[in-house]
Amino acid sequence: MTGPRHRRAGMIRSHTATGGDAIPSRGSLDDATLLVADTGAPTAGLPAQAHRVMDLCLPGVLSVSEVAHHLQLPGAVVKVIVSRLIDSGHLTARAPYAPPAGQHDENFLRQVLDALQKL
């Protein structure tokens, strides 16, 4: 389906999903932010999209981008929903895990550089 009617329906859906908010209350969220649900937080009374986010996150940890994919909503919309859930204590946001850099073998790196220069 194309045309103005289809575009308008998408805008209404995003507007409805966020309850009219356009900016998340948490500026630190990005697509890789990991979300952990509080298993003891009551979900009764949550808006439909927030309830869906909780259902997705309760079995384990998901990133903001994974939640957006499952909900088929833009990341910006999901960040607004997720921000509210973090503010209410339903979710915890964590930075993605990045292992610390290890020591590099200087001799090996020189060999790689030499090989690249020969190409």
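Above: the structure in question.
Residues numbered from 1 in each chain as written. Predicted model: local features only at pLDDT ≥ 70, side-chain atom pairs only at ≥ 80, totals over all residues. Heavy atoms only, no water.

Participant: Any chance you could break down the overall build of the protein for me, citing the residues and the numbers?
Facilitator: When its secondary structure is counted, the protein shows five helices and three strands. Along its sequence from the N terminus, the protein presents helices and strands in the succession α-β-α-β-α-α-β-α. Burial status across the protein gives 26% buried among its 119 residues. Of all intrachain contacts in the protein linking residues separated by at least 6 positions in sequence, the fraction that spans at least 24 positions is 74%. If you sum the accessible surface of the protein, you get close to 8300 Å²; carbon and sulfur atoms cover 57% of it. (Helix = DSSP H or I, 4+ residues; strand = E, 2+ residues; numbered from the N terminus. Buried < 20%, exposed > 50% of the residue type's maximum accessible area, 1.4 Å probe, protein only. Contact = heavy atoms within 4.5 Å. Areas by Shrake-Rupley, 256 points an atom, 1.4 Å probe, with all protein chains shown as cover.)

Participant: Help me get a handle on the nonpolar core, residues and values and all.
Facilitator: Soluble globular proteins tend to bury their nonpolar side chains together. In this structure, Val-53, Cys-57, Val-67, Val-78, Val-82 and Leu-91 are the most contacted members of the largest nonpolar core, which totals 20 residues. Counting residues per element, the ones that place at least two in this core are β1 (34-37), α2 (48-57), α3 (64-71) and α4 (75-87). Top element by residues in this core is α4. It accounts for six residues. Among all residues touching Val-53, those that are not within four sequence positions of it are Val-67, Leu-71, Ile-81, Val-82, Leu-85 and Leu-91. (Core = buried A, V, L, I, M, F, W, Y, C linked by side-chain atoms within 4.5 Å.)

Participant: I'd like to hear about the pattern of salt bridges, residue by residue, with values.
Facilitator: Pairing is possible between side chains of opposite charge, provided their charged atoms come close. Taken as a whole and assessed by the stated rule, the structure comprises two salt bridges. Its salt-bridge partner being Asp-31, residue Lys-79 comes within 3.6 Å of it at the nearest N-O pair. Note that Lys-79 is positioned in helix α4 and Asp-31 in the loop between α1 (4-18) and β1, a separation of 48 residues in sequence. By relative accessible area, Lys-79 is classed as buried at 18%. On the accessibility criterion, Asp-31 (41% relative accessible area) is partly exposed. The salt bridge involving Glu-106 is made with Arg-110; its shortest N-O contact spans 2.7 Å. Here the residue Glu-106 and the residue Arg-110 both occupy positions in helix α5 (residues 106-118), the gap between them amounting to four residues, near one helical turn. (Salt bridge = Lys/Arg side-chain N within 4 Å of Asp/Glu carboxyl O.)

Participant: Break down the pairing of β1 for me, with residues and values.
Facilitator: The alternating pattern of β1 places Leu-35 and Ala-37 on a buried face and Leu-34 and Val-36 on a face that is not buried. By the bridge criterion, two bridges tie β1 to strand β2 (residues 62-63) in an arrangement that is antiparallel. Pairing of Leu-35 across the sheet is with Leu-62, part of β2. Note: β1 against strand β3 (residues 91-94), four bridges, orientation antiparallel. Bridging from a neighbouring strand, Val-36 pairs with Thr-92 of β3. (Pairing = 2+ DSSP bridges.)

Participant: Break down the packing of α3 against α4 for me, citing the residues and quoting the values.
Facilitator: Where α3 contacts α4, the axes come no closer than 9 Å and their chain directions differ by 110°. Considering the angle they form, α3 stands roughly perpendicular to α4. On the side of α3, the interface is formed by Val-64, Val-67, Ala-68 and Leu-71, while α4 contributes Gly-75, Val-78 and Lys-79. Considered class by class, the residues forming the contact of α3 with α4 number five nonpolar, one polar and one charged. (Axes fitted to C-alpha atoms, helices over the stretch in contact; angles between N-to-C directions. Parallel < 35°, antiparallel > 145°, perpendicular 65-115°, else oblique. Nonpolar A, V, L, I, M, F, W, Y, C, P; charged D, E, K, R; others polar.)

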